Amino acid sequence: MATKHELLSDAAQRALRYLDDLDSRAVYPDDHAIRQLAELRKPLPDDPQPPAETLELLDRVGSPATVASTGGRYFGFVIGSSLPVTVAANWLAAAWGQNAGMRASSPISATLEDVALTWLVDLLGLPKGTGGGFVTGATMANFTALAAARRTLLLRAGWDGEEQGLFDAPPLRVVVGEEAHVSVLKAVAMLGLGRGRVLRVPVDGQGRIQPDAMPPLDDRTIVCLQAGNVNTGAFDPATDICPAAKQAGAWVHVDGAFGLWAAASPRHAHLMHGYADADSWATDAHKWLNVPYDSGLVFCRNAEHLRGAMAMSAAYLVTDQQREPSHFTPELSRRSRGVEVWAALRTLGRRGIADMIDRHIRHAQRFAEGLRHAGFDVLNDVALNQVLVSFGDDRTTRQVIAEVQREGTCWCGGTQWRGRAAMRISVSSWSTTEADVERSLDAMLRAARNVCDQSSSQADAYSF
Ligand SMILES: *Cc1c(COP(=O)(O)O)cnc(C)c1O
């Protein structure tokens, strides 16, 4: 039987081999690798099996069936990679096996969260004293922040929703842009605020809320702004909306799953202008900060609003001297997400983070320039890390996307923008180099040529 030394060393060797091979494999697993997964569909063994065999099977069958999203040429779905130091920190933290829910169950986890939160509030330009929690992703961060909003507005109306429930509560209204991310609507639904009751405000050509289309606001309204549209990367105009919302006593929540990180770059912080006036913010660390899944962050201007909504019971009021992690998240027991967030921030530093953001935006602009130069339509203003491109009519665009994905040099997904099919390029991996961008651009243009050649030869065939 392998000792723990042999087993963990073997895992490290296999992981390194996996990472070394990323550059030379197709980004998406091939059909053979997917078919091999059948080998895992076995009955539960009756007897113990050698752990080394378990690991061998996982690597042999599992590794080839992964999507190489931690490599430099994956541009789908705004998926970050994992900085090597965050993987290493994650391994160490897994060995620690801490329950990060309570200070008493892990002083180190609680301390790293304290430190990382202080750094993040500063880095992201949020108001001093902002409180936060470490959740699974931006969906849960949206949920958690909106729970704090719901509680706070209802309390102001004389209703304790946590105690009394929502059935006879004064109604709250949620206002979002027509381009709000689906996760905001899911959070609204989970919170009993009613997806169907949400007021959707018209947006402009980049997906930004049109401020003059905003309804009158009041102190029973939650306004959800978006910092970084998942298609265009555009930001809702916070400077136009936040002051009026504040004056009316409304709550402003920001979904900034990746866009919030623009604040960490002096060159691009202007995109986040006015957002510090909001009441709560949601973001991901597993996207632009490049830490392993799953890792999201929720922030609330008034930490007590977040704690009021998330603490287990009113008892916290007497006991808390220090920040108790589980009083700021829906979960009690959970892993030490703060370890990797801290490790990324500590290692990159202020300048390293800004450089990464700036580099990705430069890469996105290079994609846009190359595609435009080849005669294709870039459908968005490339101010952030997102590029939308059309290769002609919708059918052609979809064929080019399929060809790019099949060919394997890089991977991009498809989307629909203002009624047109588009290929979406999201640059968010620390490991993407200029060479990766050029190689991927070549592959995209080659795919587009192949599709066009095929359709013109078909057209020739029809003309006979
Ligand atoms: C990715 C994303 C989300 C959801 O984040 P998860 O981490 O997948 O839960 C929400 N909003 C925006 C704008 C996003 O890009």
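It should be emphasised that the depicted structure is a prediction, and the values quoted were computed from it without experimental measurement.

**A look at the packing of aromatic side chains**
Each pair of aromatic rings is reported with the distance of its centres and the angle of its planes.
Turning to step 1, where the next piece is worked out: In the structure shown here, the tally under the stated rule is six aromatic pairs.
Turning to step 2, where the next piece is worked out: Pairing Tyr28 with Trp411 gives two aromatic rings, centres 6.1 Å apart and planes at 25°, and the pair type is stacked. Here the residue Tyr28 occupies a position in the loop between helix 1 (4-21) and helix 2 (31-36), and Trp411 occupies one in the loop between helix 13 (394-407) and strand 10 (413-417), the gap between them amounting to 383 residues.
Turning to step 3, where the next piece is worked out: Judged by centre distance (5.1 Å) and plane angle (75°), the rings of Phe75 and Phe367 are edge-to-face.

**Describing the site of the ligand**
Turning to step 1, where the next piece is worked out: Taken together, 14 residues surround the ligand, and among them Thr139, Asp255, Asp284, His286 and Lys287 come closest.
Turning to step 2, where the next piece is worked out: Separating an oxygen atom of the ligand from a backbone N or O atom of Ala138 is a distance of 3.0 Å.
Turning to step 3, where the next piece is worked out: Contact between the ligand and Lys287: an oxygen atom at 2.9 Å from a side-chain N or O atom of the residue.
Turning to step 4, where the next piece is worked out: With the chains in place, 85% of the 380 Å² that the ligand exposes on its own is no longer accessible.
Turning to step 5, where the next piece is worked out: Here the shell around the ligand is composed, by residue class, of four nonpolar, seven polar and three charged.

**Considering the pattern of salt bridges**
Turning to step 1, where the next piece is worked out: Going through the model one piece at a time under the given rule, you end up with 25 salt bridges.
Turning to step 2, where the next piece is worked out: Lys287 is the partner of Asp284 in a salt bridge, and the nearest nitrogen-oxygen pair spans 3.4 Å. There is no split in this pair, since Asp284 and Lys287 are both buried.
Turning to step 3, where the next piece is worked out: Glu407 is the salt-bridge partner of Arg446, the closest N and O atoms lying 3.0 Å from each other. Taken together, the residues span a long stretch of sequence, with Arg446 in helix 14 (residues 434-463) and Glu407 in helix 13 at a distance of 39 residues.

**A closer look at the domain arrangement of the protein chain**
Turning to step 1, where the next piece is worked out: According to the domain assignment, the protein chain consists of domain 1 (4-63), domain 2 (89-344) and domain 3 (354-463).
Turning to step 2, where the next piece is worked out: Distance between the C-alpha centres of domain 1 and domain 3: 32 Å.
Turning to step 3, where the next piece is worked out: Facing five residues of domain 1, the contacting portion of domain 3 comprises six residues.
Turning to step 4, where the next piece is worked out: Interface area lost by domain 1 to domain 3 is led by Asp23, Val27 and Tyr28, which between them contribute 88%.
Turning to step 5, where the next piece is worked out: Where domain 1 meets domain 3, there are zero salt bridges.

**Details of helix 10 (residues 303-310)**
Turning to step 1, where the next piece is worked out: Within helix 10, six of the eight residues are buried, which leaves the element mostly enclosed by the surrounding structure.
Turning to step 2, where the next piece is worked out: If you check which residues of helix 10 are buried, you get Ala303, Leu306, Arg307, Gly308, Ala309 and Met310.
Turning to step 3, where the next piece is worked out: N-cap assignment for helix 10: the residue whose side-chain oxygen lies 2.9 Å from the backbone N of Glu304 is Asn302.

**Let's talk about the nonpolar core**
Turning to step 1, where the next piece is worked out: Within the largest apolar cluster, 52 residues are counted, with the highest numbers of intra-cluster contacts made by Leu225, Trp261, Leu289 and Phe299.
Turning to step 2, where the next piece is worked out: Secondary structure elements with two or more residues in this core: helix 5 (107-123), strand 4 (221-226), helix 9 (238-248), strand 5 (251-255), strand 7 (296-300) and helix 12 (337-373).
Turning to step 3, where the next piece is worked out: There are two domains that each give this core at least three residues, and those are domain 2 (89-344) and domain 3 (354-463).
Turning to step 4, where the next piece is worked out: Once residues lying within four places of it in the same chain are set aside, the contact partners of Trp261 are Leu120, Leu123, Leu124, Thr283, Asp284, Ala285, Trp288, Leu289, Leu297 and Ile357.

**Some points on the sheet that holds strand 11 (residues 420-426)**
Turning to step 1, where the next piece is worked out: The antiparallel open sheet is built from four strands, whose spatial order is 8-9-11-10. A strand with exactly one partner marks an edge of an open sheet, and here the two such strands are strand 8 (377-378) and strand 10.
Turning to step 2, where the next piece is worked out: The sheet strands contacting helix 12 are strand 8, strand 9 (386-390) and strand 11, and the helix crosses strand 9 at an angle near 15°.
Turning to step 3, where the next piece is worked out: On top of the sheet, helix 13 reaches strand 9, strand 10 and strand 11; it is set at about 30° to strand 11, its chief contact.

**Considering the environment of Trp91**
Turning to step 1, where the next piece is worked out: Along the chain, Trp91 falls in helix 4 (residues 84-96).
Turning to step 2, where the next piece is worked out: Since its relative accessible area comes to 42%, Trp91 is described here as partly exposed.
Turning to step 3, where the next piece is worked out: In this structure the C-alpha to C-alpha distance between Trp91 and Ala12, which are 79 residues apart in sequence, comes to 9.2 Å.

**Some points on empty space enclosed by the protein**
Turning to step 1, where the next piece is worked out: Scanning the entire structure with this criterion turns up one cavity of 30 Å³ or more.
Turning to step 2, where the next piece is worked out: By volume, the largest cavity amounts to about 60 Å³.
Turning to step 3, where the next piece is worked out: Together, Gly177, Glu179, Ala180, His181, Val184, Cys224, Leu225, Gln226, Asp236 and Asp255 line the largest cavity.
Turning to step 4, where the next piece is worked out: Among the elements that take part in the lining of the largest cavity, strand 4 stands out by supplying three residues, more than any other.
Turning to step 5, where the next piece is worked out: Its residues placed into classes, the lining of the largest cavity shows four nonpolar, three polar and three charged.

Reading the values: rules and limits
Residues numbered from 1 in each chain as written. Predicted model: local features only at pLDDT ≥ 70, side-chain atom pairs only at ≥ 80, totals over all residues. Heavy atoms only, no water. Phe/Tyr/Trp six-rings, centres within 6.5 Å; stacked < 30°, edge-to-face > 60°. Helix = DSSP H or I, 4+ residues; strand = E, 2+ residues; numbered from the N terminus. Near = heavy atom within 4 Å. Polar contact = N/O pair within 3.5 Å; in protein donor to acceptor, adjacent residues only side chain to side chain. Areas by Shrake-Rupley, 256 points an atom, 1.4 Å probe, with all protein chains shown as cover. Nonpolar A, V, L, I, M, F, W, Y, C, P; charged D, E, K, R; others polar. Salt bridge = Lys/Arg side-chain N within 4 Å of Asp/Glu carboxyl O. Buried < 20%, exposed > 50% of the residue type's maximum accessible area, 1.4 Å probe, protein only. Domains from an automatic or database assignment. Contact = heavy atoms within 4.5 Å. Buried area = accessible area lost by both parts, 1.4 Å probe. Core = buried A, V, L, I, M, F, W, Y, C linked by side-chain atoms within 4.5 Å. Pairing = 2+ DSSP bridges. Axes fitted to C-alpha atoms, helices over the stretch in contact; angles between N-to-C directions. 1 Å grid on protein atoms, 1.4 Å probe; cavity = no way out; pocket = protein on both sides within 12 Å on 5 of 7 lines; lining within 4 Å. Points joined across faces, edges and corners; volume = space filled by probe spheres on them.

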